[in-house]
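So you can see what is in the structure, the chains are spelled out below.
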Amino acid sequence: MLIKKDLIIVGAGPAGLAAAIEAKKKGIDDVLVLERELNAGGILNQCIHDGFGLIRFKEALTGPEYAKRFIDEAKSLNIEIITNVMVQDISSDKVVTTISPSGIKTYKASAIILAMGCRERTRGAICIPGTRPAGVFTAGVAQNLVNLKNIMVGKRVVILGSGDIGLIMARRLTFEGAKVLAVVEKLPYSSGLQRNITQCLDDFGIPLLLSHTVIKIEGHERVKSVTIAKVDEQGNPIRGTSKKFECDTLILSVGLIPENELSLNAGVHIDDITGGARVDENLQTSVPGIFACGNVLQVHDLVDYVSAEGELAARTAVDYINGSIKNKSDITVIAGNGIRYVLPQSISPNKDITFSMRVTSPYKNKTIIFKDGNRQIKKKTFKALNPAEMVRIDLKAQDLNDVRNLEVFIDE
Ligand SMILES: Cc1cc2nc3c(=O)[nH]c(=O)nc-3n(C[C@H](O)[C@H](O)[C@H](O)COP(=O)(O)OP(=O)(O)OC[C@H]3O[C@@H](n4cnc5c(N)ncnc54)[C@H](O)[C@@H]3O)c2cc1C
């Protein structure tokens, strides 16, 4: 039996919760949020450090505190959130199949919002040579074990990758009594926020070794040592630069991958660079009526923008349900020199749009320019640009008056 719903949201993390609340406030009563974990809140439930909500609430909340504000509001609006249910499949005609302890169910939605978040890259994804002992964890798994299950992961730790989760775990494991020997980063710059480098490494005297990688893991039952080496500009280890750390744990913080298997089954086109859906300014994917937001769309560094994206997806999903999305977003947005990606990937003219993007490498005192052919539409100068920090630039409808092509690039 097909159960009909106006709006189904997959994932009850900050993106999904914000979307559900906004849709309900905009008059859609029949909203269903589906979550595979036992509790709503998403990855925030294991992020017990503070620093969430600085933009939205002007307060430094912990992850669970930030999530609770949304969970409470969803409850007060009587939004239906079903937890402990896994969405198994979404079809392009918006049939959603779920599995839970109470069995298999199928729903037919008028619109769907994808808010599944992302998962971490593992050792297999980066092919580190050596034996395969216990003691190799991704940073998120280590965070989950330490923060939610009270299980300590090791005593002497090396961390590979200087993304925010790795940096935060360097501090967390130090608090729990471990010795963090080093954070090793293959790139010549960190892929984490500067505030996390200061607060999580510098404040605890943990060295950050840039342009280095792990070239060997040793140990049988358990990790005994890892060997690191300097890398050249192509990322290849340089002979004669290796250094061995006696340790029992290697934590990997080597990137996040948007969880888009369901999106692919639904026929959603995925962007090769972001790993998320290609969307228009309504956050609508290539399948009409399916929208995407949060980390499943692009990996965010700040949760405040995740919530804002969830709200935008909800507003436009409501317009879709009410039949009032009329525009055809057929202007392609191109990421030019120095820009790794820009989102949305297609737009319609004459609308206010916030563009999000990441740069390819660190820059100082550079200008990001939006151009339509030879016509300069907007420019904005930044003292510093960092690949770890998402850049957001607003363009007004009048800026995008009759635009035909849009290229975004860094003026060298
Ligand atoms: C370790 C860590 C530290 C961070 N620190 C900060 C910080 O200090 N400040 C800050 O602002 N931001 C921080 N962030 C970033 C921010 O927390 C994330 O960007 C944000 O939580 C992502 O929200 P989301 O809703 O997109 O995804 P998630 O929170 O990952 O939620 C996705 C949800 O979808 C569910 N789901 C997935 N697939 C299915 C399925 N098939 N069926 C049912 N449910 C499904 C998942 O179980 C999950 O609950 C941090 C992130 C991490 C990982």
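How each quantity is defined
Residues numbered from 1 in each chain as written. Predicted model: local features only at pLDDT ≥ 70, side-chain atom pairs only at ≥ 80, totals over all residues. Heavy atoms only, no water. Helix = DSSP H or I, 4+ residues; strand = E, 2+ residues; numbered from the N terminus. Buried < 20%, exposed > 50% of the residue type's maximum accessible area, 1.4 Å probe, protein only. Contact = heavy atoms within 4.5 Å. Axes fitted to C-alpha atoms, helices over the stretch in contact; angles between N-to-C directions. Left-handed = near helix turned anticlockwise from the far one by under 90°. Nonpolar A, V, L, I, M, F, W, Y, C, P; charged D, E, K, R; others polar. UniProt positions renumbered as here; feature names shortened; annotations may be inferred. Near = heavy atom within 4 Å. Polar contact = N/O pair within 3.5 Å; in protein donor to acceptor, adjacent residues only side chain to side chain. Areas by Shrake-Rupley, 256 points an atom, 1.4 Å probe, with all protein chains shown as cover. Domains from an automatic or database assignment. Expected span 1.5 Å × (residues − 1).

Engineer: Which residues make up the environment of Ile 71, and what are the values?
Structural biologist: By the secondary structure assignment, Ile 71 is in helix H2 (residues 63-76). Using a relative accessible area of 19% as the deciding quantity, one classes Ile 71 as buried. Note: C-alpha distance between Ile 71 and Pro 14 (57 residues apart in sequence) is 9.1 Å. Here Ile 71 is in contact with Leu 17, Ala 40 and Gly 41, once residues within four sequence places are set aside.

Engineer: Lay out the packing of helix H4 (residues 139-149) against helix H5 (residues 164-175) with the relevant residues and their values.
Structural biologist: Orientation of H4 relative to H5, taken along the N-to-C sense of each, is 35°, at an axis distance of 9 Å. For the pair H4 and H5, the crossing hand works out as left-handed. Across from Ala 139, Gly 140, Ala 142, Gln 143, Val 146 and Asn 147 in H4, the residues of H5 making contact are Ile 165, Gly 166, Ile 168, Met 169, Arg 172 and Leu 173. In the contact of H4 with H5, the residues fall into seven nonpolar, four polar and one charged.

Engineer: Just give me the short version of the UniProt feature "domain: FAD/NAD(P)-binding" (unreviewed entry) in the protein, but keep the residues and values in it.
Structural biologist: The sites that carry the UniProt feature "domain: FAD/NAD(P)-binding" (unreviewed entry) are, in the present numbering, residues 5-302. Secondary structure within residues 5-302 divides into 22% helix and 29% strand; the distance between the first and last C-alpha atoms comes to 31 Å.

Engineer: With reference to specific residues and values, describe the site of the ligand.
Structural biologist: Neighbouring the ligand are 34 residues, the closest being Ala 15, Glu 35, Ile 43, Asn 295 and Val 303. Within the side chain of His 49, a nitrogen or oxygen atom sits 3.2 Å from a nitrogen atom of the ligand. Burial of the ligand by the surrounding chains reaches 94%, relative to a free accessible area of 1000 Å². Where the shell around the ligand is concerned, the elements lending two or more residues are helix H1 (14-25), strand E3 (50-52), strand E6 (86-90), H5 and helix H8 (303-321). Broken down by element, the residue count for the shell around the ligand peaks at three residues, all from H8. Looking at the shell around the ligand, its residues break down into 18 nonpolar, ten polar and six charged. Per-domain counts for the shell around the ligand show at least three residues from each of domain 1 (1-117 + 259-326) and domain 2 (121-254).

Engineer: Can you explain H8? Please cite residues and give values.
Structural biologist: Residues that lie three or four places apart on an α-helix share one face, since the helix turns once every 3.6 residues. Here H8 spans 27 Å end to end across 19 residues, near enough to the 27 Å set by a 1.5 Å rise per residue. Every buried residue belonging to H8 is among Val 303, Asp 304, Val 306, Ser 307, Glu 309, Gly 310, Glu 311, Ala 313, Ala 314, Thr 316, Ala 317 and Val 318, and all of these are buried. On its buried side, H8 packs onto strand E1 (2-10), H1, E3, H2, strand E8 (103-114) and strand E19 (290-292). Phi turns positive, to about 75°, at Gly 323, one or two residues after H8.

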